[in-house]
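In case you want the letters, here they are:
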Amino acid sequence: DVPYTVEMERRLRDYHLSWIEEPLVPDDLDGYAYLTRELPTRISMGEHEYTKYGFKELMERQVADIYQPDVNRVGGLTEAKKICALAEAHHVPILPHSNEAHNLHLIVSSPACTMIEYFPNVEPADGNTMFWKLFTGEVEASSGHIVPPDRPGLGVELNRDALREYRYEG
């Protein structure tokens, strides 16, 4: 909630956090606007927003300092590019949620995207491991940098052995 976030930000301020991510439930827009306006540490949110229209409202209401759309949830790369264009128009940064190959390509193609959220060789804690099992060739960071692959498409390849695991044999 808002009072808890305010207190935690105060206690953590000496650590110079870059931002506080998703401190409130996604629909508490008044709370997000308050935190963004009142706290010196930046606030990020948006991984649970699903449309460009929703992101337009978030940006117009200035409810965060950083927006984090999830490409899987907003309808893919085309919609995510539109959200990035909105962010450019509102002069706010985008930091896509998660680090799958499609996010990397979105980031390198949009001036609104300032960095990548990167988790090396870590399968999601929520059990949603399908992406990690079905594709090979994810890029890895080196010395704090990621270089997009020079392979076609998203630069990953289908793992046909893993695909058999998910095949329906009704």
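In this convention, every chain numbers its residues from 1, walking through the sequence in written order. In keeping with the predicted nature of the model, local features appear solely for residues at pLDDT of at least 70, side-chain atom pairs appear and are counted solely at 80 or more, and the whole-chain, interface and lining totals rest on all residues. Side-chain figures throughout are based on the complete set of non-hydrogen atoms in the structure, without hydrogens or water.

Colleague: Any chance you could break down helix 1 (residues 2–12) for me, citing the residues and the numbers?
Modeller: Within helix 1, the full set of buried residues consists of Val2, Thr5 and Glu9. One face of helix 1 carries all of its buried residues, which in axial projection span an arc of 60°. Residues Pro3, Tyr4 and Arg11 are exposed on helix 1 and point more than 90 degrees away from its buried face. Check the buried side of helix 1 and you find it contacts strand 1 (19–21) and helix 2 (29–38). The backbone nitrogen of Tyr4 has a side-chain oxygen 3.0 Å away, supplied by the residue at the start of helix 1, namely Asp1. Note on exposure labels: buried denotes an accessible area under 20% of the residue type's maximum, exposed denotes more than 50%, and partly exposed covers the range between, all computed with a 1.4 Å probe on protein chains only. Numbering of helices and strands starts at the N terminus; helices are DSSP runs of H or I of at least 4 residues and strands are runs of E of at least 2. As used here, the arc belongs to the directions running from the helix axis to the C-beta atoms. Here, residues are in contact when the closest pair of their heavy atoms is within 4.5 Å. Any pair of N or O atoms that falls within 3.5 Å is considered a polar contact. Within protein, one atom must be able to donate a hydrogen and the other to accept it, and sequence-neighbouring residues count only if both atoms are side-chain atoms.

Colleague: Explain the pairing of strand 2 (residues 42–45) to me, using residue names and the numbers behind them.
Modeller: In this structure, strand 1 lies alongside strand 2, joined through 3 bridges in parallel fashion. Paired with Trp19 across the two strands is Arg42, which belongs to strand 2. The handedness of a crossover follows from its direction of travel: if, with the strands pointing away from the viewer, the path from the first strand over the helix to the second runs clockwise, the crossover is right-handed. Following the backbone out of strand 1, through helix 2 and into the adjacent parallel strand 2, one traces a crossover that is right-handed. For strand 2 and strand 3 (residues 66–67), the ladder comprises 2 bridges, and the chain directions are parallel. Counted as the bridge partner of Ser44 is Ile66 from strand 3. DSSP calls a pair of strands paired once it identifies at least 2 bridges connecting them.

Colleague: So what's going on with helix 3 (residues 52–60)? Which residues, and what values?
Modeller: Side chains three or four residues apart in an α-helix point the same way, a direct result of the helix having 3.6 residues per turn. Those residues of helix 3 lying buried are Lys52, Gly54, Phe55, Leu58 and Met59. Seen along its axis, helix 3 keeps its buried residues to an arc of 155°; they face one direction. At its buried positions, helix 3 is contacted by helix 2, strand 2, strand 3 and helix 4 (77–90).

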